[in-house]
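Survey of secondary and tertiary structure
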Amino acid sequence: MGDVMEEQKAVSRKSLCWWDSNFQTDPDRLFAPGYINRQEPIAATDGERDVTLDELKTIVAEHHRAFPGTKVQIVMQLEENNRVATHWTFSVVHQGVYEGVPPTGKAIAWAGISIDEFGADGKIAQSWVVWDKFTLFRALGLAG
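What you see is a predicted model; the values in this text were computed from it and never measured. (Residues numbered from 1 in each chain as written. Predicted model: local features only at pLDDT ≥ 70, side-chain atom pairs only at ≥ 80, totals over all residues. Heavy atoms only, no water.)

1. So, the pattern of salt bridges
Summed over all chains, the structure comprises five salt bridges. With a closest N to O distance of 2.8 Å, aspartate 50 and arginine 38 form a salt bridge. With aspartate 50 in strand S2 (residues 49-52) and arginine 38 in strand S1 (residues 31-39), the pair connects residues that are twelve residues apart, well separated along the chain. Judged by its relative accessible area of 38%, aspartate 50 is partly exposed. Given the relative accessible area of 23%, arginine 38 is considered partly exposed. Between arginine 83 and glutamate 117 there is a salt bridge; the shortest N-O distance is 2.6 Å. With arginine 83 in strand S4 (residues 83-93) and glutamate 117 in strand S5 (residues 107-118), this pair connects stretches of sequence that are 34 residues apart. (Salt bridge = Lys/Arg side-chain N within 4 Å of Asp/Glu carboxyl O. Helix = DSSP H or I, 4+ residues; strand = E, 2+ residues; numbered from the N terminus. Buried < 20%, exposed > 50% of the residue type's maximum accessible area, 1.4 Å probe, protein only.)

In structure tokens:
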């Protein structure tokens, strides 16, 4: 069972490092068919909503255009049963349009926690994500 948990933690790390500009991965190898991401991924949404893998691929691509030098740091991971919780930080420099805001050149860092639930195939079936949107949005003038 320890090997399975370590494999799940590695998959969770890879799923977060997908946001890192220097990390190349095929998300279809990490996420199960029918994957759901439960979060508020963009300022334009009204509250929490579910995001499909195809929608998440678009969000990550838009993130890479706005923040091409993204660095992801894994702070800590815990696992229980078929779930892995990961505390992480993102460090970026705003170099492309994000939410309508032109590049500012500002360096910004924020933290978050993801909880990934794994299916029998060893892939992530769903995730719950909470991250410090306020820090990012305040730095870009999207929040007061």
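2. Some words on the sheet that holds strand S3 (residues 71-80)
Strand order in the open sheet made by the six strands is S2-S1-S6-S5-S4-S3, with mixed pairing throughout. Sheet topology places S2 and S3 at the edges, where each strand pairs with a single neighbour. Each strand of the sheet is rotated relative to its neighbour by a mean of 25 degrees, with strand direction disregarded. The pairing of S3 with S4 spans nine bridges and is antiparallel. Paired with isoleucine 74 across the bridge in S4 is tryptophan 88. Taken strand by strand, helix H1 (residues 2-17) contacts S1, S3, S4, S5 and strand S6 (124-131), and its axis lies near 150 degrees from that of S3. Strands S1, S2, S4 and S5 of the sheet are contacted by helix H2 (residues 53-66), whose axis makes an angle of about 85 degrees with S2. (Pairing = 2+ DSSP bridges. Axes fitted to C-alpha atoms, helices over the stretch in contact; angles between N-to-C directions. Contact = heavy atoms within 4.5 Å.)

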